[in-house]
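Coordinates in review
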Amino acid sequence: KPEEKRPCYNPHDCDLPHNCQDVKRRRGVSEDGEHYIMVEEKITKVYCSGMQSDNPKEYVTLVSDEAENFSEVFGYRLQNPTECPYNGSRREDCQCKKDYTASGLSTFSKVRLDLTTLQIITTDLQFARTIDGRPVPFATAGDCYSAAKCPQGRFSINLQGTGLSVSETTIWMSQGNYAVTEITKSSDGTKVTGKCGGYC
């Protein structure tokens, strides 16, 4: 890992832009691409999108593949919602129907970063690919599967290699009936996986 701070001998290298608008203005760049900017005294690599517009946006390229950055709302619903068959493991040969209209699976190659709050804008799906059903926001999951604490919807975040991590204070909010959430975070905050669900 490169040092986050070090003596600066070339003033030009230290005077980094602070956002993509700054990159465009200072460097005359009009093509979308990766750039280094200064975010709270830390050099951060961002992807500048919309550089031909008046309002370019900052995204973070997810170094790990899309299999580790996805959001899913599971589409199956149990015929008997009081059960949690197979000890909660996922099986598509369950006594269930695939009829939940809000279901979907989205994968992400880049996520939008709000430089003011340092939060990921989870609903920006410009660099998301919806593989099945409806688009699902980043770091979101759910189902309509069971009322018996048996979550089947899943999400995965992997920020390794981006220089970013999920804040220790980040929490996930449960919504809906019989809602249950199981979140696992790595000690360094770069990886988070979750299972979420309920019944409706």
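What counts and what doesn't
Residues numbered from 1 in each chain as written. Predicted model: local features only at pLDDT ≥ 70, side-chain atom pairs only at ≥ 80, totals over all residues. Heavy atoms only, no water. Disulfide = S-S within 2.5 Å. Buried < 20%, exposed > 50% of the residue type's maximum accessible area, 1.4 Å probe, protein only. Helix = DSSP H or I, 4+ residues; strand = E, 2+ residues; numbered from the N terminus. Arc of directions from axis to C-beta. Contact = heavy atoms within 4.5 Å. Polar contact = N/O pair within 3.5 Å; in protein donor to acceptor, adjacent residues only side chain to side chain.

An unreviewed UniProt entry lists the protein under the name GON domain-containing protein, with Staurois parvus given as the organism.

Further remarks concern the state of the cysteines. Under the counting rule described, the total for this entry stands at four disulfides. What pairs with C94 in a disulfide is C96, and their sulfur atoms sit 1.8 Å apart. Taking the sign of the S-S torsion, about 70° here, the bridge from C94 to C96 comes out right-handed. Its relative accessible area of 8% is what places C94 among the buried residues. The disulfide partner of C144 is C200, and the S-S distance across this bridge is 1.8 Å. Placement of the pair is C144 in the loop between β11 (141-142) and β12 (153-158) and C200 in the segment after β14 (191-197), with a sequence separation of 56 residues. Note on C196: no disulfide assigned, nearest cysteine sulfur contributed by C150 at a separation of 13 Å. Assessed through its relative accessible area of 8%, C196 is described here as buried.

This next bit is on helix α2 (residues 20-27). When we look at burial in α2, the residues that qualify are C20, D22 and V23. Down the axis of α2, the sector holding all buried residues measures 155°, keeping them to one side. On its buried face, α2 is in contact with β1 (33-39), β2 (42-49) and β3 (57-61). With a side-chain oxygen positioned 3.1 Å from the backbone nitrogen of Q21, the residue opening α2 is N19. G28 occupies a position one or two residues after α2 and carries a positive phi of about 70°.

Backbone geometry at E40 places phi at a positive 50°, although glycine is not the residue there. Overall, the relative accessible area of 63% leaves E40 in the exposed class. For A139, which is not glycine, the phi dihedral falls at a positive 65°. Residue A139 is classed as buried on the basis of its relative accessible area of 11%.

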